[in-house]
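Working through the structure, step by step
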Amino acid sequence: MVLSPQHDPMGMAIRDYYEGCPLQPLRVFSPQFEDDEFPVETLFRAVPDMSGLEREALRLCRGRVLDVGAGAGCHSLALQSAGQTVTAVDISPHSVETMRRRGVRDVRLADFFADEVGGPYDTLLFLMNGLGLAGTLAALPRLLERCAVLLAPGGQILADSSDLCYLFEDEDGSLDDLPDSRYYGEVDYVMRYGSVAGRPFGWLYVDAGTLCRAARSAGFRCRVVSTGPHYDYLACLERAD
Ligand code: SAH
């Protein structure tokens, strides 16, 4: 389901940042973390400011690309400038409008799971922990099934993710404190921009082993292309058949 414009805190922050309006803090609340503030400017990062994993993902993009959960459009714009054909989708109306104004040529206000997003695509791009939009580990197979429908023959999924295990490590490195009621990479969030609160949502931080097992069950080959400096990695998934 796409967001209503009245309940789109991150999109409002993106719009205000783009317009140069005074910014209010974009607050992030989660029972699993300390209250935090989301640095809106990071959503406008240029290629040199992106992580090594993101730059590698951009290099690996080929053919028609779908930028899933495109935010302010930083990856779509980078790909477009490099001459690639990219479609950006996001559920945030203010983000979508801002991407249009920034010059992303093909932008859709759409829910990756539920709405028409065009295709088939040669590359499905999920950056900044983009697979997180599955929300829970139980929903990851549904996300992968949706990807299978949208991918052209020979197509690929590129996704960066983080393993949150470090949050649960003891001093000796053992993982004794993992929650037993749910997968440890499932995080609940609410965002608030000024007086505007968004709807609560879950975000999934899937570790590489768990992702590769889910990928295999869904008929994909999964490989870790690179690892980053802090429990993060870039994965590439391709249909096994
Ligand atoms: N990929 C961007 C933005 C990351 S923030 C970047 O790296 O800068 C995650 C984005 O995913 C948000 O803009 C949010 O609105 C979007 N999103 C969340 N669920 C979605 C869904 N089901 N379909 C499409 N976009 C979604």
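The structure contained in this document is the topic of the report that follows.

Structural notes on the overall build of the protein
Along the protein, the regular secondary structure elements total six helices and twelve strands. Across the 241 residues that make up the protein, the buried fraction comes to 49%. Of all intrachain contacts in the protein linking residues separated by at least 6 positions in sequence, the fraction that spans at least 24 positions is 61%. As displayed, the protein has an accessible area near 11,300 Å², and 51% of this comes from carbon and sulfur atoms. Looking at charge distribution, the protein has the averaged site of its 22 positive side-chain charges lying 10 Å from that of its 35 negative ones.

Things to note about the site of the ligand
If you check the shell around the ligand, you find 17 residues, and the closest are Arg45, Gly69, Asp90, Asp111 and Phe112. Here Gly69 contributes a backbone N or O atom positioned 2.8 Å from a nitrogen atom of the ligand. A distance of 3.0 Å separates a nitrogen atom of the ligand from a polar backbone atom of Phe112. Isolated, the ligand exposes 580 Å² of accessible area, and the fraction of that covered by the protein chains is 90%. Looking at the shell around the ligand residue by residue, the class counts come to ten nonpolar, four polar and three charged.

Looking at a negative patch on the surface
A cluster of acidic residues, Glu34, Asp35, Asp36 and Glu37, forms a negative patch at the surface. Along the chain, Asp35 falls in the loop between strand E1 (26-29) and strand E2 (36-37).

Considerations on the sheet that holds strand E3 (residues 64-68)
Judged by pairing direction, the sheet is mixed, and its seven strands sit side by side in the order E5-E4-E3-E6-E7-E12-E11 without closing on themselves. Edge positions in the sheet fall to strand E5 (107-109) and strand E11 (220-227), since each of these pairs with one other strand and no more. Within the sheet, the average angular offset between the axes of one strand and its neighbour, ignoring direction, is 20°. Its contacts with the sheet put helix H3 (residues 74-81) on E3, strand E4 (85-90) and strand E6 (121-126), and the angle it makes with E4 is roughly 170°. Together, E11 and strand E12 (232-239) form the strand contacts of helix H6 (residues 208-217), whose direction differs from that of E11 by roughly 160°.

Quick look at the packing of aromatic side chains
By the definition in use, this model includes eight aromatic pairs. Seen from their ring centres, Tyr166 and Tyr231 are 5.1 Å apart, and the 35° between their planes marks the pair as tilted. Here Tyr231 lies in the loop between E11 and E12 and Tyr166 lies in the loop between strand E7 (151-162) and strand E8 (186-193), a separation of 65 residues in the sequence. With 6.1 Å between their ring centres and 85° between their planes, Phe201 and Trp203 make a pair best called edge-to-face.

Here's the deal with H3
When you tally the buried positions in H3, you get seven out of eight residues, the bulk of the element. Packing partners of the buried residues in H3 comprise helix H2 (52-60), E3, E4, helix H4 (93-102) and E6. In the stretch just after H3, Gly83 is the one whose phi turns positive, near 85°.

A short note on the state of the cysteines
All told, the structure shown has one disulfide when counted by the stated rule. Residue Cys212 pairs covalently with Cys222 via a disulfide, S to S 2.4 Å. Torsion about the S-S bond of the Cys212 and Cys222 cystine: about -55°, corresponding to left-handed handedness. Taken together, the residues Cys212 in helix H6 and Cys222 in strand E11 connect sequence positions ten residues apart. Unpaired in this structure, Cys147 has its nearest cysteine sulfur neighbour in Cys236, at a distance of 12 Å. With no disulfide of its own, Cys236 lies 8.3 Å from the sulfur of Cys222, the closest cysteine sulfur.

About the criteria used
- Residues numbered from 1 in each chain as written.
- Predicted model: local features only at pLDDT ≥ 70, side-chain atom pairs only at ≥ 80, totals over all residues.
- Heavy atoms only, no water.
- Helix = DSSP H or I, 4+ residues; strand = E, 2+ residues; numbered from the N terminus.
- Buried < 20%, exposed > 50% of the residue type's maximum accessible area, 1.4 Å probe, protein only.
- Contact = heavy atoms within 4.5 Å.
- Areas by Shrake-Rupley, 256 points an atom, 1.4 Å probe, with all protein chains shown as cover.
- Lys, Arg positive; Asp, Glu negative; His and termini not counted.
- Charge placed at Lys NZ, Arg CZ, Asp CG, Glu CD.
- Near = heavy atom within 4 Å.
- Polar contact = N/O pair within 3.5 Å; in protein donor to acceptor, adjacent residues only side chain to side chain.
- Nonpolar A, V, L, I, M, F, W, Y, C, P; charged D, E, K, R; others polar.
- Patch = residues over 30% accessible without salt bridge, like charges linked within 9 Å, V, L, I, M, F, W, Y side chains within 5 Å.
- Salt bridge = Lys/Arg side-chain N within 4 Å of Asp/Glu carboxyl O.
- Pairing = 2+ DSSP bridges.
- Axes fitted to C-alpha atoms, helices over the stretch in contact; angles between N-to-C directions.
- Phe/Tyr/Trp six-rings, centres within 6.5 Å; stacked < 30°, edge-to-face > 60°.
- Disulfide = S-S within 2.5 Å.

In short, geometric facts, not functional conclusions.
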